[in-house]
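Topology and contacts: notes
Residues per chain, in single letters:
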Amino acid sequence: MKVGLDVGGTKTDAVAVDAAGAIAGRIRMATGWGPDAVAQTVVDAVRALGAEAGVDLSAVRSVGVGIPGQIEPGTGRVVHAVNLGVDELDLATMVAPQLRLVAPQLIAPVQVENDVKAAALGAHALHTRNGSPAPGSMAYLNLGTGIAAGIVSDGVLWRGARGTAGEVGHISVDPNGPLCRCGQRGCIEAFAGGGAIAERWAKRSALPVRDVFDAADDGDPSALQLRAGLARGVAAAVRVLVLTADVDIVVLGGGVTALGDRLMTDVAAELSASAEASPFMRSLHLTERVELLPPGSPAAALGAALVGADGDATHDAEEALVHG
């Protein structure tokens, strides 16, 4: 049994995955604020899988955690997870002793991965569960407060030389565009990030991006501009991912995708408009290569479980080398 957790800014999603790859249990709970509370959330979520979801924790062999922020390569250390109140946290080391009390068969080190990259692995795994063939390559484009992507090729996560593969949000597509939080102008994230849209909309709302779409439907000029910019930004990200990595499909996920067909219609129109002027772009069939992650899919938690299982396999191999 392997366990995966998606530690989000407000909620943590945890799943247990059995040997056949089926989800044996799932729970959601509030995420604590600050390093100590985040670590305790991880432990509490694993414990809740047993207490609330009926998972046999004595069968758990691996735990993987997907979390916002930068993950120092080769470690379980998280830095700059600002949405969690974490500047620096050696998460794997902090939670390991408590987790081994909760799950006594947990021998392998706890694995930690960036949440978007974990979601990319999970989205790839989910894509095959409905009978579809496994894509040779896939990009998972997360449309949330910010914009980032994860790339999977032949079932393996591609991190790049320094772990920044897929960080498309800060590619500038318009030097005269809106100012981005990174200091550049016209970044994809400045157009399509939920945080940037909410800031430019500047109206109190629990769902600012949805409000922008509703106001655009009513003809509000500012909302129409923001909505068009969102489609432009997402389409630009899709083009970048296809033109640089030549992925078979781009799966859209994250909070902004709750807009569903309203978002997809706008993005498809933007992709089609750019293709009209270019036979080369038409040959790429971009509109046919974009999909929405089904609502409620546990992609990030599932991907984290797969990351944890990789750590378990590595641990077993190392043990075999040591003991013969």
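Residues numbered from 1 in each chain as written. Predicted model: local features only at pLDDT ≥ 70, side-chain atom pairs only at ≥ 80, totals over all residues. Heavy atoms only, no water.

The next thing to look at is the sheet that holds strand S7 (residues 86-90). Pairing is antiparallel in the open sheet, where three strands are placed in the order S5-S6-S7. Whereas interior strands pair on both sides, the edge strands pair on one side only; in this sheet they are strand S5 (70-71) and S7. Sheet topology places strand S6 (residues 77-81) next to S7; four bridges connect them, and they run antiparallel. If you follow Ala81 over to S7, its bridge partner there is Val86. (Pairing = 2+ DSSP bridges. Helix = DSSP H or I, 4+ residues; strand = E, 2+ residues; numbered from the N terminus.)

Attention now moves to the packing of aromatic side chains. Evaluation of the coordinates by the stated rule reveals zero aromatic pairs. The lysine or arginine in question, Lys203, covers the ring of Trp201, its NZ or CZ lying 4.2 Å from the ring centre. (Phe/Tyr/Trp six-rings, centres within 6.5 Å; stacked < 30°, edge-to-face > 60°. Lys NZ or Arg CZ within 6 Å of the ring centre and 35° of its normal.)

What follows is about the nonpolar core. Ranked by size, the top nonpolar core spans 41 residues in total, and within it Leu141, Leu230 and Val250 carry the most contacts. Breaking this core down by element, the ones donating at least two residues are strand S9 (137-143), strand S10 (147-153), helix H4 (188-192), helix H5 (194-201), helix H6 (208-217), helix H7 (221-245), strand S12 (249-253) and helix H8 (261-276). If you tally residues by element for this core, the top one is H7, at 11 residues. Formed by 35 residues, the second largest nonpolar core is a distinct cluster that contains Leu5, Val43, Val78 and Ala81. (Core = buried A, V, L, I, M, F, W, Y, C linked by side-chain atoms within 4.5 Å. Buried < 20%, exposed > 50% of the residue type's maximum accessible area, 1.4 Å probe, protein only.)

One open sheet accounts for five strands, arranged S3-S2-S1-S4-S8; its pairing is mixed. Bordering the open sheet on either side are strand S3 (23-30) and strand S8 (111-114), each of which pairs with just one other strand. Between one strand and the next, the sheet's axes are offset by a mean angle of 15 degrees, whatever the strand orientation. Taken strand by strand, helix H1 (residues 35-51) contacts strand S1 (2-7), strand S2 (11-17), S3 and strand S4 (62-67), and its axis lies near 140 degrees from that of S3. (Axes fitted to C-alpha atoms, helices over the stretch in contact; angles between N-to-C directions. Contact = heavy atoms within 4.5 Å.)

So, about unusual backbone geometry. The phi torsion at His80 lies on the positive side, around 60 degrees, for a residue other than glycine. For His80, the position within the fold is in strand S6. Phi at Asp246 is positive, roughly 50 degrees, even though this residue is not glycine. Structurally, Asp246 can be placed in the loop between H7 and S12.

A few words on the packing of H1 against helix H2 (residues 91-102). Direction vectors running N to C along H1 and H2 enclose 30 degrees, while the axes themselves pass 10 Å from each other. Viewed along their axes, H1 and H2 adopt a mutual orientation that is roughly parallel. Here H1 runs over H2; the crossing is right-handed. Along the contact surface, H1 presents Pro35, Asp36, Ala39, Gln40, Val42, Val43, Val46 and Arg47, while H2 presents Leu91, Met94, Val95, Gln98, Leu99 and Val102. Each residue belonging to the contact of H1 with H2 can be placed in one class, and the counts come to 10 nonpolar, two polar and two charged. (Parallel < 35°, antiparallel > 145°, perpendicular 65-115°, else oblique. Left-handed = near helix turned anticlockwise from the far one by under 90°. Nonpolar A, V, L, I, M, F, W, Y, C, P; charged D, E, K, R; others polar.)

To continue, consider H2. Over its 12 residues, H2 runs 16 Å from end to end, which matches the ideal 16 Å to within 8%, given 1.5 Å per residue. Among the residues making up H2, those that are buried are Leu91, Ala92, Val95, Ala96, Leu99 and Val102. Here the buried residues of H2 occupy an arc of 130 degrees about the axis, which is enough to place them on one side. What points out from H2, more than 90 degrees from its buried face, is the exposed set Thr93, Pro97 and Leu101. (Expected span 1.5 Å × (residues − 1). Arc of directions from axis to C-beta.)

Glancing now at the pairing of S6. Bridge count between S5 and S6: two bridges; the pairing is antiparallel. Bridging from a neighbouring strand, Gln70 pairs with Val79 of S6. In textbook terms, the turn of a hairpin is the stretch between consecutive antiparallel strands, and for S5 and S6 this stretch comprises five residues, one of which, Gly74, has a positive phi near 80 degrees. Following S6, the chain reverses through four residues before pairing antiparallel with S7; Gly85 in that reversal takes a positive phi of roughly 70 degrees.

Turning next to the state of the cysteines. Scanning all chains against the criterion turns up zero disulfides. This cysteine, Cys180, is not joined by any disulfide, and Cys182 carries the nearest cysteine sulfur, 3.8 Å off. A relative accessible area of 6% places Cys180 in the buried class. In this structure Cys187 is a free cysteine whose sulfur lies 3.7 Å from that of Cys182, the closest cysteine sulfur available. Cys187 gets classed as buried once you look at its relative accessible area, which sits at 0%. (Disulfide = S-S within 2.5 Å.)

One turn of the α-helix equals 3.6 residues, which is why residues spaced by three or four share an orientation. For H8, built from 16 residues, the straight-helix expectation of 22 Å at 1.5 Å per residue is met to within 8% by its first-to-last C-alpha distance of 22 Å. For H8, the full list of buried residues reads Leu263, Met264, Asp266, Val267, Leu271 and Ala275. For H8, the elements touching its buried residues are S9, H6, H7, S12, helix H9 (279-283) and strand S13 (290-292).

Before going further, it helps to examine the confidence of the model for the protein. On average, residues of the protein carry a pLDDT of 92, and 95% of them reach 70 or more. For the stretch residues 314-324, pLDDT sits under 50, and the model shows five contacts to residues farther than four places along the chain or on other chains. (pLDDT = per-residue confidence, 0-100.)

Remember that side chains alternate between the two faces of the sheet whenever the strand is regular. The element S4 is largely enclosed, with a buried count of six among its six residues. Of the two faces of S4, the one lined by Ser62, Gly64 and Gly66 and the one lined by Val63, Val65 and Ile67 are each fully buried. Inspection of the sheet shows S1 paired to S4 by five bridges, in the parallel sense. Across the sheet, the residue bridging to Gly4 is Gly64, located in S4. Bridging between S4 and S8 involves four bridges; their strand directions are parallel. Residue pairing across strands places Gly66 opposite Glu113, the latter belonging to S8.

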